2 protein chains.
Amino acid sequence: MPRVAVLRIGHRPERDMRVTTHVGLTARALGADGMYLAARDPGIVKSIGDVVNRWGGSFFCVDDVKWRQCITDWKRENGTVVHLTMYGLNLPSLIDEIRTRDPLLVVVGAEKVPGEIYGLADYNVAVTGQPHSEISGLAVFLDHLFSGRELETTYPDARIRIVPSKRGKKTEEL
Amino acid sequence: MPRVAVLRIGHRPERDMRVTTHVGLTARALGADGMYLAARDPGIVKSIGDVVNRWGGSFFCVDDVKWRQCITDWKRENGTVVHLTMYGLNLPSLIDEIRTRDPLLVVVGAEKVPGEIYGLADYNVAVTGQPHSEISGLAVFLDHLFSGRELETTYPDARIRIVPSKRGKKTEEL
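Residues numbered from 1 in each chain as written. Chains lettered and ligands numbered in written order. Predicted model: local features only at pLDDT ≥ 70, side-chain atom pairs only at ≥ 80, totals over all residues. Heavy atoms only, no water.

Draft legend 1. Representation of the packing of aromatic side chains in the model. Residues and elements named next belong to chain A. A full pass over the atoms with the stated rule returns 2 aromatic pairs over all chains. Taken together, a centroid distance of 5.2 Å and an interplanar angle of 55 degrees make the contact between Tyr36 and Phe60 tilted. Taken as a pair, Tyr36 in strand 2 (residues 34-37) and Phe60 in strand 3 (residues 60-62) lie far apart in primary sequence, 24 residues in all. It is Arg68 that lies over the ring of Trp67; its NZ or CZ is 4.7 Å from the centre. (Phe/Tyr/Trp six-rings, centres within 6.5 Å; stacked < 30°, edge-to-face > 60°. Helix = DSSP H or I, 4+ residues; strand = E, 2+ residues; numbered from the N terminus. Lys NZ or Arg CZ within 6 Å of the ring centre and 35° of its normal.)

Draft legend 2. Structural detail: the relation of the copies chain A and chain B. The two copies are related by a screw motion: chain A maps onto chain B through a turn of 180 degrees and a shift of 0.0 Å along the axis, at an RMSD of 0.0 Å. Viewed as a symmetry operation, the transformation between the two copies matches a two-fold axis. Proximity to the rotation axis, assessed at the C-alpha, singles out Ser136(A) in chain A; its C-alpha lies 2.4 Å from the axis. Residue by residue, 100% of the interface of chain A is reproduced at the interface of chain B, so both copies engage with the same surface. (Least-squares fit on C-alpha atoms with pLDDT ≥ 70 in both. Contact = heavy atoms within 4.5 Å.)

Draft legend 3. A look at the sheet that holds strand 3 (residues 60-62) of chain B. Residues and elements named next belong to chain B. One open sheet accounts for 6 strands, arranged 3-2-1-5-4-6; its pairing is parallel. Lying at the two open borders of the sheet, with one neighbouring strand each, are strand 3 and strand 6 (123-126). For this sheet, the mean angle separating the axes of adjacent strands, direction not counted, is 30 degrees. Note: strand 2 (residues 34-37) against strand 3, 3 bridges, orientation parallel. The residue bridging Met35 from the neighbouring strand is Cys61, located in strand 3. (Pairing = 2+ DSSP bridges. Axes fitted to C-alpha atoms, helices over the stretch in contact; angles between N-to-C directions.)

Draft legend 4. Up close: the pairing of strand 5 (residues 104-108) of chain B. Residues and elements named next belong to chain B. Counting buried positions over the 5 residues of strand 5 gives 5, a clear majority of the element. Burial along strand 5 is two-sided: the face carrying Leu104, Val106 and Val108 and the face carrying Leu105 and Val107 are both buried. Bridge count between strand 1 (residues 4-8) and strand 5: 5 bridges; the pairing is parallel. If you follow Arg8 over to strand 5, its bridge partner there is Val108. With helix 4 (residues 91-98) bridging strand 4 (residues 80-90) and the parallel strand 5, this β-α-β connection has right-handed handedness. (Buried < 20%, exposed > 50% of the residue type's maximum accessible area, 1.4 Å probe, protein only. Right-handed = clockwise from strand over helix to strand, strands pointing away.)

Draft legend 5. Examining the interface of chain A and chain B more closely. Chain A puts 53 residues into the contact, and the matching count from chain B is 53 residues. For the pair chain A and chain B, the summed buried area comes to about 4500 Å², and 61% of that belongs to carbon and sulfur atoms. On the chain A side of the interface with chain B, the three residues burying the most area are Arg18(A), Tyr87(A) and Leu151(A), jointly 16% of the side's total. Counting every contact that joins chain A to chain B gives 2 salt bridges. With its nearest N and O atoms 2.4 Å apart, the salt bridge here joins Asp16(A) to Arg18(B). One can count 20 residue pairs in polar contact (both at pLDDT 80 or more) joining chain A with chain B. Elements with a contribution of two residues or more to the side of chain A that touches chain B: helix 1 (17-29), helix 2 (42-55), strand 4 (80-90), helix 4 (91-98), helix 5 (116-120) and helix 6 (134-145) of chain A. By residue class, the composition of the side of chain A that touches chain B is 23 nonpolar, 16 polar and 14 charged. (Buried area = accessible area lost by both parts, 1.4 Å probe. Salt bridge = Lys/Arg side-chain N within 4 Å of Asp/Glu carboxyl O. Polar contact = N/O pair within 3.5 Å; in protein donor to acceptor, adjacent residues only side chain to side chain. Nonpolar A, V, L, I, M, F, W, Y, C, P; charged D, E, K, R; others polar.)

Draft legend 6. A look at the state of the cysteines. Inspection of the entire model under this criterion finds 0 disulfides over all chains. As a non-bridged cysteine, Cys70(B) has Cys61(B) as the owner of its nearest cysteine sulfur, 12 Å distant. (Disulfide = S-S within 2.5 Å.)

Draft legend 7. Region of the structure containing the nonpolar core. Ranked by internal contacts, the top residues of the largest apolar core, which has 117 residues, are Leu7(A), Phe141(A) and Phe141(B). Among residues more than four places away in sequence, those in contact with Phe141(B) are Val82(B), Leu84(B), Leu91(B), Ile95(B), Ile98(B), Leu104(B), Val106(B), Val125(B) and Val127(B). (Core = buried A, V, L, I, M, F, W, Y, C linked by side-chain atoms within 4.5 Å.)

Draft legend 8. Broad picture of unusual backbone geometry. The omega angle of the peptide bond from Asp102(A) to Pro103(A) is 0 degrees, so this bond is cis rather than trans. Secondary-structure assignment places Pro103(A) in the loop between helix 4 and strand 5 (104-108). Phi is positive for Ser147(B), close to 55 degrees, though the residue is something other than glycine. Counting through the fold element by element, Ser147(B) comes out in the loop between helix 6 (134-145) and strand 7 (160-162).

Draft legend 9. Structural detail: the sheet that holds strand 5 of chain A. All names here are of chain A. Reading across the sheet, the 6 strands line up as 3-2-1-5-4-6 and stay open at both edges, with parallel pairing between neighbours. The open sheet has two edge strands, strand 3 and strand 6 (123-126), and neither has a second partner. Strand-to-strand twist of the sheet, defined as the mean angle between neighbouring strand axes without regard to direction, takes the value 30 degrees. Note that strand 4 and strand 6 share 5 bridges and pair parallel. Bridge pairing links Asn90 to Ala126 in strand 6.

Draft legend 10. How the structure looks around the pattern of salt bridges. Residue and element names in this part refer to chain B. Across all of its chains, the model carries 25 salt bridges over all chains by this definition. For the salt bridge of Asp102 with Arg3, the shortest nitrogen-to-oxygen distance reads 3.3 Å. Placement of the pair is Asp102 in the loop between helix 4 and strand 5 and Arg3 in the segment before strand 1, with a sequence separation of 99 residues. A salt bridge links Arg99 to Asp96, with the nearest nitrogen and oxygen atoms 2.9 Å apart. Taking the relative accessible area as the measure of exposure, Arg99 reaches 29% and is therefore partly exposed. Residue classification places Asp96 among the exposed positions, given a relative accessible area of 52%.

Here's what the structure looks like:
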């Protein structure tokens with residue numbers, strides 16, 4: 001499975017706090033290795049870190065990165081850059097090719113994205129050409145990238161895990 | 001393809017405005033027929049309606065429904081109720097069976113969900129047993145339900161559409 005980091009751009013503290021937290025948790029739960037946040041927001045770093053501590057794994061979250069430098073560093077070190085945007089080519093037409101690239105930086109914007117990103121990205125990928133959500137776009141992208149196998153991931157170092165059940169809420173402290 | 005409506009519960013106006021809008025737009029873009037919102041929030045109804053007007057299709061959004069009544073009405077009319085929750089059985093183990101049911105009501109909570117829902121639902125489905133986002137949970141659920149075919153949906157009555165492109169942003173007014 002390709003190694004994947006997410007770069008979240010366009011984050012505004014306060015307004016985007018919940019959406020960006022959802023982006024980070026989605027990235028972790030669906031198999032990415034970490035998230036770079038192109039804004040300073042220690043609250044998000046802490047809340048993602050708290051989840052990693054309890055639920056396991058080694059997902060990283062780094063804030064205050066410069067998006068242009070993050071992308072150009074990634075490309076110089078021979079990584080591939082994917083930008084998720086409704087304006088791009090549709091996911092099904094690109095995913096087989098993208099799956100052969102490793103590692104991947106997946107750039108996820110908020111409402112407005114600097115035009116330069118479209119040129120810097122190796123792939124501009126649309127999860128449908130319809131307006132919806134960077135969270136759902138990222139989720140469907142990762143699920144297709146990993147062919148659904150990420151849904152079965154377990155975390156041996158977790159301090160808590162859910163015992164799947166038909167009804168009700170069961171957890172186990174480990 | 002089964003007909004699907006989403007029931008969004010636990011919405012608090014202001015705080016959940018953006019997340020619930022993302023839930024609605026995700027539901028529309030990934031093939032659901034509409035969303036019931038168990039709270040009064042005309043701003044969300046309007047913003048989803050504006051997207052439908054421009055981008056096409058017949059997605060409905062109704063606010064101020066009572067969640068218990070919405071679920072029991074749905075069940076009485078022979079529909080199946082799916083509740084997305086990290087505590088449920090994992091998606092891959094249930095999706096083939098759920099795909100044979102029609103129509104489906106997909107219940108999507110916010111942070112806390114009334115315990116009663118676990119008993120009312122025909123299926124409690126986890127999109128991984130990890131904490132992430134109701135938006136990504138819904139997205140992956142719908143994408144698996146429709147086997148990715150929903151990514152190719154077109155909207156003949158749209159007033160605007162995107163011309164998919166490798167770089168840049170192209171739209172067409174229709």
